[in-house]
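Below are the chains, spelled out letter by letter.
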Amino acid sequence: MTQALTAPQRDELKQLLLTRRKELQRQMTQNLDNLAPSDSGDSVSQDDDARLKNQTREVDAALTAMDADELARIDRALEAMDDGEYGVCVVCGKDIPFERLKVEPMTQHCIVDKAKLEQQARA
């Protein structure tokens, strides 16, 4: 069994989460700005331009949805920190190693259970 997180480790991970949260919020604002309807009237001669704008809007919408999902995971991790439940696998209840949390600070699974979940998803 791994050792529980130290206070400095928890602080470092919280900073990683807060920094990523700020980046996501900035990206989402930019993507939402890109989704705003354009004021230009599309004419027949601008078909390719309009098609490109629509594709870009679709990409921005998809990115915004992915960012919102990641933001929710970050918020869950921050709540778990406040509740004292952060860094514990929700499946097996074992401590998640600091090294894993540094790579993916919003994870809720140890590497073994994450691998099992991914394998089940592929099946």
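Cut-offs applied
- Residues numbered from 1 in each chain as written.
- Predicted model: local features only at pLDDT ≥ 70, side-chain atom pairs only at ≥ 80, totals over all residues.
- Heavy atoms only, no water.
- Patch = residues over 30% accessible without salt bridge, like charges linked within 9 Å, V, L, I, M, F, W, Y side chains within 5 Å.
- Areas by Shrake-Rupley, 256 points an atom, 1.4 Å probe, with all protein chains shown as cover.
- Salt bridge = Lys/Arg side-chain N within 4 Å of Asp/Glu carboxyl O.
- Lys, Arg positive; Asp, Glu negative; His and termini not counted.
- Charge placed at Lys NZ, Arg CZ, Asp CG, Glu CD.
- Buried < 20%, exposed > 50% of the residue type's maximum accessible area, 1.4 Å probe, protein only.
- Helix = DSSP H or I, 4+ residues; strand = E, 2+ residues; numbered from the N terminus.
- Expected span 1.5 Å × (residues − 1).
- Contact = heavy atoms within 4.5 Å.
- Disulfide = S-S within 2.5 Å.
- Core = buried A, V, L, I, M, F, W, Y, C linked by side-chain atoms within 4.5 Å.

Asks: Is there a simple way to explain a negative patch on the surface in this structure?
Replies: Side chains of Glu79, Asp82, Asp83 and Glu85 sit close together on the surface and give a patch of like negative charge. The exposed category is assigned to glutamate 85, whose relative accessible area is 53%.

Asks: What am I meant to see in helix H2 (residues 47-83) here?
Replies: Given 3.6 residues per helical turn, the α-helix brings residues three or four places apart onto the same face. In this model, H2 (37 residues) spans 54 Å end to end at C-alpha, consistent with the 54 Å of a helix rising 1.5 Å per residue. For H2, every residue scored as buried is listed here: Ala50, Asp60, Thr64, Asp67, Glu70, Leu71, Ile74, Ala77, Leu78, Ala80 and Met81. Those residues of H2 that are buried are in contact with helix H1 (7-35).

Asks: Which parts of the structure should I look at to understand the side chain of aspartate 113?
Replies: Counting through the fold element by element, aspartate 113 comes out in helix H4 (residues 111-122). According to the relative accessible area criterion, aspartate 113 is buried, its value standing at 7%. Not counting the four nearest positions on each side in its chain, aspartate 113 is found in contact with Cys89, Val91 and Cys92.

Asks: Looking at this model, I keep getting lost on the state of the cysteines. Mind explaining?
Replies: Formally, a disulfide is one covalent bond, and it connects the sulfur atom of one cysteine to the sulfur atom of another. Considering all chains together, one arrives at 0 disulfides under this definition. No disulfide involves cysteine 89; its sulfur sits 3.7 Å from that of cysteine 92, the nearest cysteine. What makes cysteine 89 buried here is its relative accessible area of 3%.

Asks: Would you explain the nonpolar core in this entry?
Replies: Taken as a class, soluble globular proteins show a tendency for nonpolar side chains to be buried jointly. Core analysis: the largest hydrophobic core is formed by 18 residues, its most contacted members being Leu5, Leu13, Leu17, Ile74, Met81, Tyr86 and Leu101. It is H2 that contributes the most residues to this core, 6 residues altogether. Every residue in contact with leucine 101, bar those within four places of it in the chain, is listed here: Leu5, Leu13, Tyr86, Gly87, Ile96 and Thr107.

Asks: Mind showing me how you'd approach the pattern of salt bridges here?
Replies: It is possible for side chains bearing opposite charge to pair when their charged atoms get close. Evaluated as defined, the whole model comprises 7 salt bridges. For the salt bridge of glutamate 12 with lysine 102, the shortest nitrogen-to-oxygen distance reads 3.1 Å. Here the residue glutamate 12 occupies a position in helix H1, and lysine 102 occupies one in helix H3 (residues 98-103), the gap between them amounting to 90 residues. For arginine 20, the salt bridge is made with glutamate 23, and the minimal N-O distance between the two is 3.2 Å. Of this pair, arginine 20 and glutamate 23 both sit in helix H1, 3 residues apart, which is roughly one turn of the helix. Classification of glutamate 23 as partly exposed rests on a relative accessible area of 34%. Where salt bridges share partners, they join Arg20, Glu23 and Glu70 into one cluster.

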